[in-house]
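The chain contents come next:
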Amino acid sequence: MVSLAHRPERQVLLALMLIAGALMLVMLLLPNLDSALLLAFRTGTDPAGPIWIEELARDITALGSFGVLALLITASVLFLFLARQKTDAWTMLAATVGGIAVVLILKSVLGRSRPDELLRSVYVSTPSFPSGHTMMSTVTYLTLGAFMARELRSRTLKTYVVVLALVVSTLVGMSRIYLGVHWPSDVFAGWSFGAAWALLCWT
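Counting of residues starts from 1 at the beginning of each chain's written sequence and follows it residue by residue. The predicted origin of the model limits local features to residues at a pLDDT of at least 70 and limits the giving and counting of side-chain atom pairs to 80 or more, whereas totals for whole chains, interfaces and linings rest on all residues. Based on all heavy atoms of the structure, the side-chain values leave hydrogens and waters out of the count.

### Section: the nonpolar core
So, step 1. As used in this record, nonpolar core signifies buried Ala, Val, Leu, Ile, Met, Phe, Trp, Tyr and Cys residues forming a set joined through side-chain atoms within 4.5 Å. Categorising residues by exposure relies on relative accessible area from a 1.4 Å probe, with only protein chains included: less than 20% of the type maximum marks a residue as buried, more than 50% marks it as exposed, and the intermediate range marks it as partly exposed. The biggest cluster of nonpolar side chains holds 37 residues, and the ones touching the most others in it are Leu13, Leu16, Met92, Leu142 and Trp191.
So, step 2. Helix and strand assignments follow DSSP, with helices taken as H or I runs no shorter than four residues and strands as E runs no shorter than two, numbered in order from the N terminus. Looking at this core, the elements with two or more residues in it are α1 (8-29), α4 (66-82), α5 (86-110), α6 (132-150), α7 (155-178) and α8 (184-202).
So, step 3. When sequence neighbours within four positions are dropped, the list of residues in contact with Leu142 reads Leu13, Leu16, Ser137, Val162, Ala165, Leu166 and Trp202. Contacts are assigned to residue pairs with any non-hydrogen atoms lying within 4.5 Å of each other.

Rendered as structure tokens:
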């Protein structure tokens, strides 16, 4: 069995799960802080900064959208089947399709309201907690990063691939706060739950 010390992808996920989970609890216990952090990204009802930053945030948030992730997941699973990596293909399906089910169940059960409609810069229709974009980008990109890292011999390259996947999922989550469609605690929950779900599927 490969120890955790030699699996940077699991170290990253474990750290993300614990740190984001702790921050989520802080925000939920201190709702005023949750609101203050959301408003720190706003100038009145608009996202802070020039318009090109808002457009960039929309581009980044699309990396966690259902359409982009569905295309990426389908292509990855087909590739793994064609490469006769059936276990990896089924793991990818379990992690992603199962993750979608978990998000939908949590949103339905908890039914948390979104930030005020005046603050939202993109269309949303589902409950707020947890952030689906954040959780599913965490699950998808870090699972793919883990598969790639396993094929690399250099620990530096392994770490680079996993950290790159983490950066993408982090940017997606931050874009959801910036665009005013999620409370920060929703995003922290997405990172924490996504990391936990990916670890569970790999285990």
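### Here's the deal with the environment of Met135
So, step 1. Relative to the assigned elements, Met135 resides in helix α6.
So, step 2. On the basis of relative accessible area, Met135 is assigned to the buried category, the value being 0%.
So, step 3. Residues Met135 and Gly190, 55 residues apart in the sequence, show an inter-C-alpha distance of 4.0 Å.
So, step 4. Excluding residues within four positions of it along the chain, Met135 makes contact with Gly99, Val102, Val103, Gly190, Phe193, Gly194 and Trp197.

### Structural notes on the layout of surface pockets
So, step 1. In this analysis the probe radius is 1.4 Å and the grid spacing 1 Å, with only protein atoms considered; a cavity is a set of points the probe fits into but cannot get out of, a pocket is an open set with protein on both sides within 12 Å along at least five of seven lines, and lining residues have an atom within 4 Å of a point. Grid points are joined across faces, edges and corners, and a volume is the space filled by probe spheres set on the points. In this model, the largest pocket occupies a volume close to 490 Å³.
So, step 2. If you go around the largest pocket, you meet 26 residues; those closest to its centre are Gly64, Ser65, Phe66, Gly132 and His133.
So, step 3. Counting only elements with at least two residues in the lining of the largest pocket, the list comes to α4, α5 and α6.
So, step 4. Residue contributions to the lining of the largest pocket peak at six residues, all from α5.
So, step 5. In this classification, Asp, Glu, Lys and Arg are treated as charged, Ala, Val, Leu, Ile, Met, Phe, Trp, Tyr, Cys and Pro as nonpolar, and every other residue, Gly included, as polar. For the lining of the largest pocket, a count of residues per class yields twelve nonpolar, eleven polar and three charged.

### Topic: the packing of aromatic side chains
So, step 1. Under the pairing criterion, centres of Phe, Tyr and Trp rings, with the six-membered ring standing for Trp, must be within 6.5 Å; the plane angle then separates stacked pairs below 30 degrees from edge-to-face pairs above 60, leaving the rest tilted. Under the counting rule described, the total for this entry stands at four aromatic pairs.
So, step 2. Note on Phe81 and Trp90: the rings are 5.5 Å apart at their centroids and 85 degrees apart in plane angle, and the pair reads as edge-to-face.

### A word on the pattern of salt bridges
So, step 1. Should a side-chain nitrogen of Lys or Arg be within 4 Å of a carboxyl oxygen of Asp or Glu, the pair is scored as a salt bridge. The tally for this structure, following the rule as stated, stands at six salt bridges.
So, step 2. Put simply, Asp34, Arg112 and Asp186 are held in one network by salt bridges that share partners.

### Quick look at a nonpolar patch on the surface
So, step 1. Only residues above 30% relative accessible area that lack a salt bridge enter a patch, with like-charged residues linked at up to 9 Å and the nonpolar side chains Val, Leu, Ile, Met, Phe, Trp and Tyr linked at up to 5 Å. For the accessible areas, the method is Shrake-Rupley and the probe is 1.4 Å, while residue cover comes only from the protein chains on display. On the surface, Leu25, Val26, Leu28, Leu29, Leu30 and Leu33 cluster together into a nonpolar patch covering about 550 Å² of accessible area.
So, step 2. Top contributing element to the nonpolar patch by residue count: α1, with four residues.
So, step 3. Looking at the element boundaries, Leu33 is found in helix α2 (residues 31-40).

### Observations concerning the confidence of the model for the protein
So, step 1. Across the protein, the average pLDDT comes to 91, with 96% of residues at or above 70.
So, step 2. Looking at any residue, its pLDDT shows the predictor's confidence there, from 0 to 100. Counted against residues more than four places away or in other chains, residues 1-5, with its pLDDT under 50, gives six contacts.

### Description of the environment of Lys158
So, step 1. Topologically, Lys158 is positioned in helix α7.
So, step 2. Here the alpha-carbon distance between Lys158 and Leu33, two residues 125 residues apart in the chain, equals 36 Å.

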